[in-house]
Amino acid sequence: LTHKLLKDGGLNVVLAGNVGKSFAEKVAHETFEHAVLELSSFQLDGIDSFRAHIAVLMNITPDHLDRYHYDFEAYTASKFRIAMNQTAEDYFLYDADDAVIVDWMKNHPIPAKKIPFSLEQNLEEGAFVKDKNIHITIEHNSFTMPIASLHITGNHNLKNAMAASTVATLLKIRKETIRQSLESFQGVEHRLENVLKINNVRYINDSKATNVNATFFALDSMETPTVWIVGGVDKGNDYEQLLPLVNEKVKAIICLGVDNDKIINAFGNVVDMMVETESMYDAVQVAYRLSGRGDTVLLSPACASFDLFENYEDRGRQFKEAVRNL
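Let me sum up the structure you'll find in this document. (Residues numbered from 1 in each chain as written. Predicted model: local features only at pLDDT ≥ 70, side-chain atom pairs only at ≥ 80, totals over all residues. Heavy atoms only, no water.)

A word on the overall build of the protein chain. When its secondary structure is counted, the protein chain shows 12 helices and 14 strands. Here the protein chain has a C-alpha radius of gyration of 20 Å; the compact-globule value for 326 residues is 20 Å, and the two agree. Judged by the C-alpha coordinates and their principal axes, the protein chain covers about 55 × 45 × 40 Å. Counting the 326 residues in the protein chain, one finds 48% classified as buried. Sequence-distant contacts, at least 24 apart, represent 62% of the contacts inside the protein chain between residues at least 6 apart. Carbon and sulfur atoms make up 47% of the accessible area of the protein chain, which totals about 15800 Å². Taking the average place of the 32 positive charges on the side chains of the protein chain and the average place of its 45 negative ones, the gap between the two points comes to 7 Å. (Helix = DSSP H or I, 4+ residues; strand = E, 2+ residues; numbered from the N terminus. Rg over C-alpha atoms; globule rule 2.2 N^0.38 Å. Buried < 20%, exposed > 50% of the residue type's maximum accessible area, 1.4 Å probe, protein only. Contact = heavy atoms within 4.5 Å. Areas by Shrake-Rupley, 256 points an atom, 1.4 Å probe, with all protein chains shown as cover. Lys, Arg positive; Asp, Glu negative; His and termini not counted. Charge placed at Lys NZ, Arg CZ, Asp CG, Glu CD.)

In structure tokens, the structure reads:
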């Protein structure tokens, strides 16, 4: 979304990092003035002199804890490396609703100019939501956009839109261009991607949800009874935060993984129907039988994909193929 806003604004910009091609390959083969990089904690662990002019920290929730010896503070420190070489001439955008981020910043000074975004607070400077509008104010420059004009849904996408629009505002993209880009953005593959509607049942591909936090936002955005396909390689997941949403929205769970014990233990007493499968074909066939008119079938695994698939893209594309073959 950030890349689209900047590109639509006329900037010579590339997209790289943990999405698409590596930054190194882009530098080697292309000429550009701006780069939008998605950086994983794994990549940030290896940086030395890398300096982001605008750094954006969307959230910090338990993920990859198997890599960080199950030490959440070590994982948090890894994510904050995105700001370690910034100066007072740079910008640090952050979610002011995220207690982990806010608490860390109290004890770890960041020299860059700090710009928050929030769904819960009205901010003098930064981005926030009020009266069903996104409001952005930076250095006395204000921008407003109705939430209803966004195609992407869910509170997490409101935060995505606020962060991307703030970046575009800092880089002097015209307000009307930002509005038009947000209105036309349809989302990305494997992230709450609408696949098909069959017998009035909606099938949604959220294969990119490889941790509990991403799945939380997916379930939170569901508005109809949901058959949830979940599972894969567990990375130290704590499913407790999902229990209220599962209790409210999920009518059946389909486990898709080699080892489903943790999921069964977490949700076995919450839903009436739980089925184990070991292939995407079987998972979609079971979902087809368990769903009824007006329901949603949601693939949102909350886990890595490497037990049964090459990666989350392979998992998502197998889901879409199985749905299309129903």
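Now that the structure has been shown, we can carry on.
This part is about unusual backbone geometry. Positive phi values are uncommon outside glycine, yet asparagine 199 reaches one of about 50°. By the secondary structure assignment, asparagine 199 is in the loop between strand E9 (193–198) and strand E10 (201–205). The exposure class assigned to asparagine 199 is partly exposed, which follows from its relative accessible area of 47%. Of note, the phi angle at asparagine 200 is positive, near 65°, even though the residue is not glycine.

Before going further, it helps to spend a moment on the packing of aromatic side chains. One pass over the full model with this rule turns up eight aromatic pairs. Aromatic side chains tryptophan 228 and phenylalanine 267 sit 5.4 Å apart centroid to centroid with 75° between the ring planes, which places their arrangement in the edge-to-face category. Of this pair, tryptophan 228 sits in strand E11 (residues 226–230) while phenylalanine 267 sits in helix H10 (residues 261–267), and the two are 39 residues apart along the sequence. For tryptophan 228, a relative accessible area of 0% gives the class buried. A relative accessible area of 0% places phenylalanine 267 in the buried class. (Phe/Tyr/Trp six-rings, centres within 6.5 Å; stacked < 30°, edge-to-face > 60°.)

We now examine the sheet that holds strand E8 (residues 141–146). With respect to topology, six strands assemble into an open sheet ordered E3-E4-E5-E6-E7-E8, the strand pairing being mixed. The open sheet has two edge strands with one neighbour each: strand E3 (54–57) and E8. Between one strand axis and the next, the sheet turns by 20° as a mean value, whatever way the strands run. For strand E5 (residues 113–118) and strand E6 (residues 126–130), the ladder comprises two bridges, and the chain directions are parallel. Following the sheet pairing, phenylalanine 117 is matched in E6 by alanine 127. Where helix H5 (residues 99–107) meets the sheet, it contacts E3, strand E4 (91–95) and E5, and its direction lies at approximately 135° from that of E4. (Pairing = 2+ DSSP bridges. Axes fitted to C-alpha atoms, helices over the stretch in contact; angles between N-to-C directions.)

To continue, consider the side chain of aspartate 95. By the element assignment, aspartate 95 lies in strand E4. For aspartate 95, a relative accessible area of 4% gives the class buried. There is a polar contact of 2.8 Å between the side chain of aspartate 95 and the backbone nitrogen of aspartate 97. Aside from chain neighbours lying at most four places away, what touches aspartate 95 is Leu57, Met58, Ile101, Val102, Phe117 and Lys159. (Polar contact = N/O pair within 3.5 Å; in protein donor to acceptor, adjacent residues only side chain to side chain.)

So, about the pattern of salt bridges. Applying the stated rule across the entire model yields 18 salt bridges. Among the salt bridges present, the one from glutamate 176 reaches arginine 179, with a minimum N-O distance of 3.4 Å. With glutamate 176 and arginine 179 both in helix H7 (residues 175–184), this residue pair falls three residues apart, about one helical turn. Note on arginine 179: relative accessible area 23%, which makes it partly exposed. Across the pair arginine 191 and aspartate 206 runs a salt bridge, and its minimum N-O distance is 2.3 Å. One end of the pair, arginine 191, is in the loop between H7 and E9; the other, aspartate 206, is in the loop between E10 and helix H8 (212–220), with 15 residues separating them in the sequence. (Salt bridge = Lys/Arg side-chain N within 4 Å of Asp/Glu carboxyl O.)

It is worth spelling out the nonpolar core at this point. Counting residues in hydrophobic clusters, the biggest one holds 30 residues, and the most contacted among them are Leu6, Leu93, Ile134, Leu150, Leu170, Ile178 and Leu182. Secondary-structure elements contributing two or more residues to this core are helix H1 (2–8), E4, E5, E6, strand E7 (133–138), E8, helix H6 (155–170) and H7. With eight residues, H6 is the single largest residue contributor to this core. Non-local contacts of leucine 150, meaning those with residues more than four positions away in its chain, are made with Ile134, Met145, Leu158, Ala161 and Leu182. One finds Ala218, Leu219, Val271 and Ala302 within the second-largest nonpolar core, a separate group that totals 21 residues. (Core = buried A, V, L, I, M, F, W, Y, C linked by side-chain atoms within 4.5 Å.)

Its place among the elements puts isoleucine 47 in the loop between helix H3 (41–44) and E3. Linking isoleucine 47 and proline 146, residues 99 residues apart in sequence, is a C-alpha distance of 38 Å. Here isoleucine 47 is in contact with Arg81 and Met84, once residues within four sequence places are set aside.

Before going further, it helps to spend a moment on H6. With 16 residues, H6 ought to run about 22 Å at 1.5 Å a step, and its terminal C-alpha atoms sit 23 Å apart, in line with that. Most of H6 is tucked away, with 14 of its 16 residues classed as buried. Following H6 by one or two positions, lysine 172 adopts a phi angle in the positive range, close to 65°. (Expected span 1.5 Å × (residues − 1).)

These results come straight from atomic positions and should not be treated as a statement about function.
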